[in-house]
Amino acid sequence: MIKPKHNVPNLSLPLVNDTQWHLDAQNNQVFTFLVFYRGLHCPICKSYLERLSKKLDEFKARNVNLIAISCDSEKRAKQSHQEWDVAGLPIAYGLSIKDAKAWGLYISHAISDKEPDAFSEPGLFLVKPDKTLYASAIQTMPFARPNWNDILSAIDYVTEHDYPARGAAE
């Protein structure tokens, strides 16, 4: 488990637009927001990311860089990008199970032929510009995810009040 105020693992992944994303190259003033999702097979991920896509301008206005990440293959990730209403949302693919575990994500194995053999469960990570964890929400299954408006309100509060990262006590 990554604790707040500690460095997060470095991450570099291909994007569906045939470019490469690097965590260490993120040059934001507030946060980089990593949204790990289950993949193409997950209808809850589809609706969650579609709602997120409609909030992109609100995150950008707060100087928050966003990326959605899955263990999906290039083919599956590009299919999601084409079939889902996620225009403008950077989507990375090819997260290894090893890297997913390094981020503290839970791993599931396929229970149907629609699912990949193994994939990560959802996780949200707000990373500060110094590449330390500010906050995270990690789930064991796709249900009951945080609301995007609640996250935006939280970002407003913590930036306005210079609220420190919590949960790092030993």
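Located above this text is the structure these notes cover.
Residues numbered from 1 in each chain as written. Predicted model: local features only at pLDDT ≥ 70, side-chain atom pairs only at ≥ 80, totals over all residues. Heavy atoms only, no water.

**Remarks on the pairing of strand S3 (residues 31-36)**
Test applied: Partly exposed residues are those whose accessible area sits between 20% and 50% of the maximum for their type, while under 20% is buried and over 50% is exposed, using a 1.4 Å probe and protein chains only. Per the convention used, a helix needs a DSSP run of H or I reaching at least four residues, while a strand needs a run of E reaching at least two, with both numbered from the N terminus. A pair of strands counts as paired when DSSP detects no fewer than two bridges linking them.
Buried residues dominate S3, accounting for six of its six residues. Where burial is concerned, the two faces of S3 agree: the one with Phe31, Phe33 and Val35 and the one with Thr32, Leu34 and Phe36 are both buried. As judged from the six bridges shared by S3 and strand S4 (residues 64-69), these two strands associate in the parallel manner. In the strand pairing of S4, Phe31 is matched with Val64. The sheet contact formed by S3 and strand S8 (residues 123-127) spans five bridges and is antiparallel.

**Re the packing of aromatic side chains**
Using the following cut-off: For Phe, Tyr and Trp, where Trp contributes only its six-membered ring, two rings pair if their centres lie within 6.5 Å, and the inter-plane angle classes them as stacked under 30 degrees, edge-to-face over 60, or tilted in between.
As enumerated under the stated definition, the model contains ten aromatic pairs in all. Consider the rings of Trp103 and Phe125, whose centres lie 5.0 Å apart with planes at 80 degrees: the pair is edge-to-face. Taken together, the residues span a long stretch of sequence, with Trp103 in the loop between helix H4 (97-102) and strand S6 (107-109) and Phe125 in strand S8 at a distance of 22 residues. An aromatic cluster is defined as three or more aromatic residues linked by ring pairs; in this entry it consists of Phe33, Tyr48, Phe59 and Trp148.

**Regarding the side chain of Ser80**
To be explicit about the condition: Contacts: residue pairs with any heavy atoms within 4.5 Å of one another.
Note on placement: Ser80 falls in helix H3 (residues 74-83). Leave out the neighbours within four places in its chain, and Ser80 touches Leu40, Asp72 and Val86.

**Digging into the state of the cysteines**
When the sulfur atoms of two cysteines share a covalent bond, that bond is a disulfide. Put simply, the rule reads: Counting rule for disulfides: a pair of cysteine sulfur atoms within 2.5 Å.
Scanning all chains against the criterion turns up zero disulfides. Here Cys71 stays unpaired: no disulfide links it, and the sulfur of Cys45, its closest cysteine neighbor, is 11 Å away.

**Section: the pairing of S8**
Among the five residues in S8, five count as buried, and that is most of the element. With burial as the criterion, each face of S8 is covered, one bearing Gly123, Phe125 and Val127 and the other bearing Leu124 and Leu126. Here S8 runs beside strand S9 (residues 133-138); their pairing, made up of five bridges, is antiparallel. By the bridge assignment for S9, Phe125 is matched with Ser136. Counted along the chain from S8 to the antiparallel partner S9, the turn is five residues long, and its residue Lys131 has a positive phi close to 70 degrees.

**As for the sheet that holds S4**
Backbone hydrogen bonds hold the strands of a sheet together, and the pairing may be parallel or antiparallel. Read across the open sheet, the five strands follow the order S5-S4-S3-S8-S9; overall the sheet is mixed. The open sheet is flanked by strand S5 (91-92) and S9, the only strands paired with a single partner.

**Section: helix H1 (residues 43-53)**
In an α-helix, one full turn covers 3.6 residues, which means residues spaced three or four apart are oriented alike. Those residues of H1 that fall on the buried side of the exposure criterion are Cys45, Tyr48, Leu49, Glu50, Leu52 and Ser53. In this structure, the buried side of H1 is in contact with S3, helix H2 (56-61), S4, S8 and helix H5 (148-160).

**Things to note about the pattern of salt bridges**
Where charged atoms from two side chains of opposite charge approach closely, those side chains can pair. Rule in force here: A side-chain nitrogen of Lys or Arg and a carboxyl oxygen of Asp or Glu constitute a salt bridge if their distance falls within 4 Å.
Under the counting rule described, the total for this entry stands at eight salt bridges. Arg76 is the salt-bridge partner of Asp72, the closest N and O atoms lying 3.0 Å from each other. For Asp72, a relative accessible area of 1% gives the class buried. One salt bridge connects Lys78 with Glu74, and the closest N-O pair in it is separated by 2.9 Å. Of the two residues, Lys78 and Glu74 are both situated in helix H3; the distance of four residues between them amounts to about one turn of the helix. One network of salt bridges, with partners in common, ties together Asp18, Glu74 and Lys78.

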